[in-house]
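Coordinate inspection notes
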Amino acid sequence: RGGPESEPIDLFSDVNFDPPGDISVTPEIIDEALVAVISWNHPNEFEDKTGPPVKIKLWDEADDGEMKLIEEKIIPHPQNQVRISLDEGYPWQTRLSMQSDFGSIQGIQSTYFDLFNHIELSPPTNITIIANESSSSVEWLHSLELGQFHGLGTILNIWVLDPSSSNLTLLNQTLLPDTNAVFSVVSGLPHHAGITLQSYVGTCQSNHTDLMALFAPLALKQTQLNRILLIVGLTCLLILYILVTAYCLRMVKRKGNYQLKEKKEKRTPGKFSESNHLLPAATVKPPQLSESGSYATEQESLVSESSLTNLIPTNKQPYLGVSMITLGNFNDDDDFMGNFDEDGSFIGDYLEQDEQEAQAIQNKLLVFQRMYRANGTLYT
């Protein structure tokens, strides 16, 4: 006879049925083939370092959104990475899901991940068209960051303009694995044909490039117009630059003439003459001798008090002391006297750079004139 029954015990209560964690899909180019590198972390690991395998399911998403199973792959523990190549024939839009495989019991399935479709498929770039009236050579490059790989091709779309509706009509579409093509009007293409390019992988296609003229008359028309407009614009800018430069030079020259004329009128007093600057003879009186025998001058002279101080001789010394007074650049007595005629008038133009200094010289000359008329000499 048996004893009492125990409480039920779950045999697999410690098993984690969650999908693998940290699932990632990374595209790489390996030997010119596009490869999706799939990695993950195992949610279950037993004490003996074993664990359940991982099941990878590959799906093809239909246009209506329905998922169609393509293939299942069983990845044993502890492998946590697998590579799937586009060259194996999988569609560009293939998706995958992962779950732990416990045999008769399956773990929870993960969300769907794009295998290749998350790669942005961009149109060709660096398009070069070399054309004449009857033939055209077109070259281009693919702009994917990963680079060129097997299965990546180009769609060449040939367009013509419908004159009646002014709409573009697709005349021809060609799929090429290369990155260059040659066209000719001999093959039946019209002279006014245009072309757009697309990148494609399998049934997936990129956007179109801008429409470009295929043959020379249309291909060069826009270029020639732009060139003419550029030449006209540069010519107008050159003419405007010349006019502005000429105007500025004229204004600078005119301003310079005004300044020179003003300086000349202000700083050049001209010649000294008796009729214009000297006192009449009748009004000049000889200076009085003082008790000490020196000349005394009146304070009401035309010169300033500071100027008379340097001009009045004392103790019967020559009226002009050595280096006491200089006229211009004449420091020697002979040179100084050589610039006066017999009646004491100054010969030549006396140019000064300061109006007050010029006036002081004129006053000094007036004093010299008075002394010469009174004594007949500049010495006592």
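Quick caveat, the model's predicted, so the values are computed rather than measured.

We now examine unusual backbone geometry. Following H77, the chain continues to P78 via a peptide bond in cis, the omega torsion being 10°. Among the structural elements, P78 can be located in the loop between β4 (67-75) and β5 (81-85). Even without being glycine, D22 reaches a positive phi, approximately 55°. On the secondary structure map, D22 appears in strand β1 (residues 21-30). Positioned with a positive phi, E32 is a non-glycine residue whose angle comes to about 65°. Among the secondary structure elements, E32 is positioned in the loop between β1 and β2 (33-41).

Okay, the pairing of strand β12 (residues 168-176) next. In this structure, strand β11 (residues 152-161) lies alongside β12, joined through 8 bridges in antiparallel fashion. Bridge assignment links N157 to a residue of β12, and that residue is Q173.

Bringing a nonpolar patch on the surface into the picture now. A cluster of nonpolar residues, L161, L168 and L211, forms a patch on the protein surface that exposes about 270 Å² of accessible area. Tracing the chain through its elements places L211 in the loop between β15 (204-205) and β16 (212-213).

By size, the foremost hydrophobic cluster in this structure holds 26 residues, and its most contacted members are I38, W40, I56 and W92. Taken together, the elements giving at least two residues each to this core come down to β1, β2, β3 (54-61), β5 and β6 (94-102). Top contributing element to this core by residue count: β2, with 4 residues. When neighbours within four sequence positions are excluded, W92 is seen to be in contact with L34, L86, F116, N117, I119, F149, V201 and C204. Grouped together as the second largest cluster of nonpolar side chains are 15 residues, L189, A193, L197 and L214 included.

Thresholds applied
- Residues numbered from 1 in each chain as written.
- Predicted model: local features only at pLDDT ≥ 70, side-chain atom pairs only at ≥ 80, totals over all residues.
- Heavy atoms only, no water.
- Helix = DSSP H or I, 4+ residues; strand = E, 2+ residues; numbered from the N terminus.
- Pairing = 2+ DSSP bridges.
- Patch = residues over 30% accessible without salt bridge, like charges linked within 9 Å, V, L, I, M, F, W, Y side chains within 5 Å.
- Areas by Shrake-Rupley, 256 points an atom, 1.4 Å probe, with all protein chains shown as cover.
- Salt bridge = Lys/Arg side-chain N within 4 Å of Asp/Glu carboxyl O.
- Core = buried A, V, L, I, M, F, W, Y, C linked by side-chain atoms within 4.5 Å.
- Buried < 20%, exposed > 50% of the residue type's maximum accessible area, 1.4 Å probe, protein only.
- Contact = heavy atoms within 4.5 Å.

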